[in-house]
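Descriptive structure summary
The residues making up each chain are set out below.
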Amino acid sequence: MKPVSEQLPLAFEHDPAIGRDDLLISDPLSAAVSIVDTWPQWSSPVVILAGPVGSGKSHLASIWREKSGAVPIHPQTGSDAADIAARQPVLFEDADRRGFDDQALFHVINSVRENGTGLLITTRLWPMSWPVELADLRSRLKAATVVEIGEPDDELLALVLVKLFSDRQLTVDEKLIGYIVTRMERSLDAAQTIVEKLDRLALSRRTRISRALALEVLTELGNAREGD
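Remember, predicted model here, so these are calculated numbers, not experimental data.

1. What to know about the pairing of strand β5 (residues 145-148)
- With burial as the criterion, only one face of β5 is covered, namely that bearing Thr145 and Val147; the residues Val146 and Glu148 on the opposite face remain uncovered.
- Where strand β1 (residues 46-50) meets β5, four bridges bridge the pair, whose relative direction is parallel. Of the residues in β5, the one forming a bridge with alanine 50 is glutamate 148.

Okay, structure coming up:
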């Protein structure tokens, strides 16, 4: 049973803004952002964004999808992915996690090349490490433009935290932002989780977001370190 002083807040949804104007850019993202911004003048019709979880791939893919009118696909045996790719740009997210059929992806890439559409693939792993058995597909992947997204740096994490708090109409002290950044997991997903938990905890206790509250959340997430 919850103590009287800690009431459960209403589960309001806070959808983060994910448009191009909301994209925060720093060195780890700059090359990938440039690729999205230069569409449709790509040097290769196939672009692969590779980066760790929470690095911003999904945000970039969402921006490109809106800009290009791309349709999400999953190249599997019997799918119509290649037919769709013949008509318009296509997006294949989390290729390494979801998996694919070699022949199906090969036909998608060929369809894109022959019809002048476009294919954006996101992945956590460098494409040459995928378990591809079809030599022709491996050759096609080598010809793709591969952009690696690094882990977000301190500057980007701080900007993201400020933006996420702002999305919830919350203003947090700059020193507290710095305190969180130096102790948190290095991912944009972690930033989202921390802000959400801090907001809900502050609401439930009817208190402001403080260093003590931040430490409690970071400890819960296993992120508290550096002398804490």
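Read on, since the account is not over.
2. A closer look at the environment of asparagine 110
- The residue asparagine 110 is located in helix α5 (residues 102-115) in this model.
- On the basis of relative accessible area, asparagine 110 is assigned to the buried category, the value being 14%.
- Counting along the chain gives 28 residues from asparagine 110 to alanine 82, while the straight-line C-alpha distance between them is 8.1 Å.

3. Considerations on the packing of helix α8 (residues 174-181) against helix α10 (residues 211-220)
- Put simply, α8 and α10 touch, their axes get as near as 10 Å, and they point 20° apart. On the basis of their axis angle, the class for α8 and α10 is roughly parallel. In terms of crossing hand, the pair formed by α8 and α10 is right-handed. Of α10, the residues touching α8 (which contributes Leu176, Tyr179 and Ile180) are Arg211, Ala214, Leu215 and Leu218.
- Here the residues of the contact of α8 with α10 sort into six nonpolar, no polar and one charged.

Criteria and cut-off values
Residues numbered from 1 in each chain as written. Predicted model: local features only at pLDDT ≥ 70, side-chain atom pairs only at ≥ 80, totals over all residues. Heavy atoms only, no water. Buried < 20%, exposed > 50% of the residue type's maximum accessible area, 1.4 Å probe, protein only. Helix = DSSP H or I, 4+ residues; strand = E, 2+ residues; numbered from the N terminus. Pairing = 2+ DSSP bridges. Axes fitted to C-alpha atoms, helices over the stretch in contact; angles between N-to-C directions. Parallel < 35°, antiparallel > 145°, perpendicular 65-115°, else oblique. Left-handed = near helix turned anticlockwise from the far one by under 90°. Contact = heavy atoms within 4.5 Å. Nonpolar A, V, L, I, M, F, W, Y, C, P; charged D, E, K, R; others polar.

Function cannot be read off these values alone, since they describe shape.
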